[in-house]
Structures are given as structure tokens and as C-alpha cells.
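# Reading the structure
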Amino acid sequence: MATSFTQIPALQINSSGQNRFMKKLMAKIFSFYDEQSLIDVTFRVSNPTALVPAHRLILAAASPYFENLFNSDQSNNPVIEINDIDSDTFERLITFCYTGQTLVTVNNVGAMLKAAIVLKLDDAITSCVDYLMAHINEYSLQGVYTLERETQCERLMQKIIEHETQNFVKISQSDEFLNFDVEKMQRILELDNLNIFREEKAFAALKRWFNYDVPERQEHLPLLIACLRLTQFDVNFLLSHIQPLPGCEMLAFKAMLWIREPAARKKLNMRFTGPRGFRAANCGEKTLLALCSEMNPKLLQYNKAEDKWQEYASIIFDYYHYRTILKDDNLLFIGGYKNRDTLNIVCSWNIRNKTWQNLPTMNQARCGHCVVELDGKIYAIGGSADKKVLSSVERYTTSDGWEFVNSLIAGRSGASAVTLNGKIYIMGGSAGLNNSKSVECYNPDSNTWTSCADMIKVHILPGAAAHNGRIYVLGDRSADKIVERYDPQRNTWSTIFYLSFGSGFITCVSLDNKLWAIGGSFPPIFGIMKTLSVYDEENDLWELKALLKERNVRSCFVVREEFLTLNE
């Protein structure tokens, strides 16, 4: 009987000594096995017939199967028959009991897993499953599903679920996917961490599965459609794709009501109303949206991987000289000009659902103004109305609506504004016939505007962005290609390498720790094309990237890719 002195904790007194002891002990055990010394049991295994010698103590310690076997009526038999495992596989797993390692291949992994389950070798099961999932393309997805059904291996089932979750789009295109049962489809579609960037991917997969056997699956379709995040579709998608499906009319109606009538949401009974958690937690990739033209503008999305632009949406909006700003996943259209009237309207267009919502109007009608967001509040600054340049500034919050704050030192229209270090900077523009180089800074804590150093040149309707702690102003409605940079610590302006394009509207943003300039016209040799350029700060150069076919790029926004729902 073991004493407390010989129990494992006693060996932990000296870890280095324990390691040396264990290495010597295992080396001796291996030598006994290799030399077949002190063997006390032999197994007769079939297919082909072979005798496999071993040590009872080692096998019993490695597996409860052998422990129970040696405590049974066969315990005293010098030779024990094994009939349900082939000899090669059995011998490999006996070696595993000694070494914790064995050779697993694509050809033998199925047999090895089945035998390891019979012999209750948990570590061998883990090794086989991990190998199988790492070589799933060689083994085939169909083979993995078949093996899981045959073995009912819990670890393999869990790994398959993980694989389906991470590779859902690829798996949904396989033949095996078409034979998933309803319960499996429901389990997958309910997953909050399903690896899809847009909910349309889940719908497309479900539609493919459904079309494979419509008569058999039609009664289950509403149950599965309800597992989709229906509120992440836009209304047009719901009308054209969800509502026509048998039994799904009410699901589509509820989702549309959720999108269009926020006040009604508490009364709606829907399983899922938010995006999948995968998108919120893991999808931080950002891209560019460019708003082109003023009346009925087009919204273009930039594909960074392919370095090209593609149309995201056409927006019906028949005003001019409005200003836009991105607030969360809503594009706000503020103020503007129509039929000789300056407007104070504010409309919100959701970039995910592509639906409109009216917001409280400004106190002052204005066009040619600036809009920025600071600390969650929207500011409308300056502009013009009734042929008068405005110095007034107002601020919007959801709780208080629009309220005036202190006015600019000098009114201006056609300027640009950015936020940096908790303050607002407005630059350039004009006051009637007088163009301005002046810069003002607003401190919300003191509600005051102060003058900053003038820019080097006049900029009317320039692009402007805060980037790496400094402010960049570039372009002009004239052909001036100068780019200026402001250092707020020193209150100084300097010029950097000029743009390769000039006339036309230019906007700029900071994305991926780089400064991006969008718009302007490239030299005539290339035709009238709008450009996308990225500033290389280290070498003080602009790198030309994708060209835009659309003219008049009025605004550009940085947006998370998972917000976008391109129709495919």
C-alpha cells in the first residue's frame, strides 16, 4: 500500500530532480518495451493475425479500458483475444500508451479514431480528431461527417461545429450541405458567432438548401427564416426576397416595421433583432464610402483588396449645397438649397437598411456650411442663407435637439472643419467677395472661438482631415494643388508634397493610419477621371491608386465593412 511519502506531491519538492527521475524512468520503460523484457500480457489480434506483447501496469495507467480488462475474469490469461481492431491499428495505439505519440495519416485516421474510442484512450482521440480537422480537405468533408455519424465522437462533433461556424460560406456551397437535416440547419443559423460579414450570406445558403428539396422542406422554412437576423436586411430585400416565401409574410412585415417604426419595437415579438455577435466583436475592418454629385447622389464603396470602386447605392435626394456626416451607421443630410430656398431640414439615411428618417430641423436654414461631430454632438457651422454669410453655430443632441452656441469670430461659407484633441477647427472659405486664409478653433468647455495662425494660401471648399495629431488641408475649387499641414502644438502651417491632381472637389480622410485623398481631376492625358491617392509620410509622396468614373466627389466617410449590404 502506498504511503503519503510516495505520492506524487512528494516528487514536486525538486522539479529539476523530478524531471531527471521521470526521464530515466520512461527511458527504462521504453527499453523494456523495445526489448520485450518483463512482458506480462500478450494480445492476439486479427486482420492480419499478430501477437502484441505489453506490460499490464503501463496499459492500465493509460486507459480505463485496460484497467477494467485486467481486473476482469481475463486478468490471469497470458494471451487475450482482440477481435474488433486490426493488428496494425492496435499495435500503434499500444505504442501510444508508452510514448503518447503515434503515426496518424489520412489513410489510417478513421480506423485509429474508432479504435481509440473503443480502448478509451482520450489523448489518442484528441490527437486523431485534431489531425483530422487539420487535414479535412484531404480527408474530405463528406468523410468527416460520415466518421462522426459512425463514431458519435463528442469531440469530433464539437470540432465540426467549430469548423462549420468558421467556414460557413464555403461549406454552404458543398454537396454535403444540401443534405443537412432541419435540426442541423436551425442550430447553425441560430449561432451568434457565425462567420459571415453580411446576413445575405446566411439567406443565400438557406435558399440553396431549401431549393434542393422544396416539397419536403417547405413546412420548416418559416422556422429557419426566423433564425436569420431579419432587421439587418434593408426593406427592399425583405420585400423582394423574404415576403414572397411561403409562410414568411408576417416575419417580413415585423422586420420592416422594426426598421421603419422604432417606436413600435417594444410591441414586436422577434427572436433576433441585432447583428450577430461575430460582426460586433470581430469585424473591425473599415473601408471608404464616397458620396458623388449633389442631386440624387451615388454612394460608392472602395474595395481595398482589389483596389477598385463599386456602386453601393443610389440615393434619391433632390437638394443642393447640403452637408453630410456619418453618425454611427446613419448618413445625415443637413441643410441645403432647393427652388431658391435655403433649408434647415435634417434627414438620416441608414447605410445598412437604406431607409430614410426625418430628424429635428435646425434653428437656422443654411447651405455651404460645415458639419462635424464632437463628443457625440453634431455641429452645424456658418454657411450662407438669403445671400448672407453666416457666423452662427448650432449643436444637436438627441435629448435637446438643436441649440445655438457661440458664433464664429468671422462668418464664412465654403469652408472645411475637422475635430482634433476635443476641439473644432474651421479653415478657409469665403465671406462674400473676400476669400479667407483664416482659421478658428472652438473649445466646447468654454464655448469660445479663438483665432489660429492663418493658412499659407486661400482654400475654398477644400478637403480637410485630422491625421496623426495634425490637420491637413488640400485642394481647392480652382486648380491649386498645394497641400498644407497644421501643427496645433506650434500653431504653425507648412506645405507638403503637392497633389498630382488639382481642380474639382477633393475630400480626404484618415484610414488605416494613412491619409487618403479622394476626388479632383487627373491630367487630361488620362481623361477626366477622379482619383484616390494615399500619402506616404515617410517619403513625402502621394501614391496614386484607384480611379473613379464618377464626378464631383462631395464627401467621403470611413465605415465598418460589416455595416454594408451590397446586393450580390
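Predicted model only: the values in this text are computed from it and were never measured. (Residues numbered from 1 in each chain as written. Predicted model: local features only at pLDDT ≥ 70, side-chain atom pairs only at ≥ 80, totals over all residues. Heavy atoms only, no water.)

For the structure on display, the rule yields 25 aromatic pairs. When the centroid spacing of 5.3 Å and the interplanar angle of 40 degrees are considered together, the rings of Y396 and W402 count as tilted. Taking 4.9 Å as the distance between ring centres and 35 degrees as the angle between the ring planes, the aromatic pair formed by Y486 and W493 counts as tilted. Like W493, Y486 is buried. By the ring-pair criterion, three or more aromatic residues cluster together here, those being F43, Y65, F66, F70 and F90. The ring of F180 carries the charged tip of K184 above its face, separated from the ring centre by 5.0 Å. Taking NZ or CZ as reference, K354 lies 4.6 Å from the ring centre of Y312, over its face. (Phe/Tyr/Trp six-rings, centres within 6.5 Å; stacked < 30°, edge-to-face > 60°. Buried < 20%, exposed > 50% of the residue type's maximum accessible area, 1.4 Å probe, protein only. Lys NZ or Arg CZ within 6 Å of the ring centre and 35° of its normal.)

Let's shift gears to the sheet that holds strand β15 (residues 393-397). Strand order in this open sheet of four strands is β11-β12-β15-β16, and the pairing throughout is antiparallel. Each end of this open sheet is capped by a strand with a single partner; those strands are β11 (370-374) and β16 (401-405). Each strand axis lies, on average, 25 degrees off the axis of its neighbour in the sheet, ignoring direction. Here five bridges tie β11 to strand β12 (residues 377-381), and the two strands are oriented antiparallel to one another. Bridge pairing links E373 to I378 in β12. (Pairing = 2+ DSSP bridges. Helix = DSSP H or I, 4+ residues; strand = E, 2+ residues; numbered from the N terminus. Axes fitted to C-alpha atoms, helices over the stretch in contact; angles between N-to-C directions.)

A word on the confidence of the model for the chain. Atomic detail in the predicted coordinates should be set aside for any region of low pLDDT. Mean pLDDT over the chain works out to 85, with 90% of the residues at or above the 70 mark. Of the regions scoring below 50 in pLDDT, residues 1-13 engages in three contacts with residues more than four places distant in sequence or in other chains. Every residue in residues 523-529 scores below 50 in pLDDT, and together they form 10 contacts with partners more than four places removed in sequence or on other chains. (pLDDT = per-residue confidence, 0-100. Contact = heavy atoms within 4.5 Å.)

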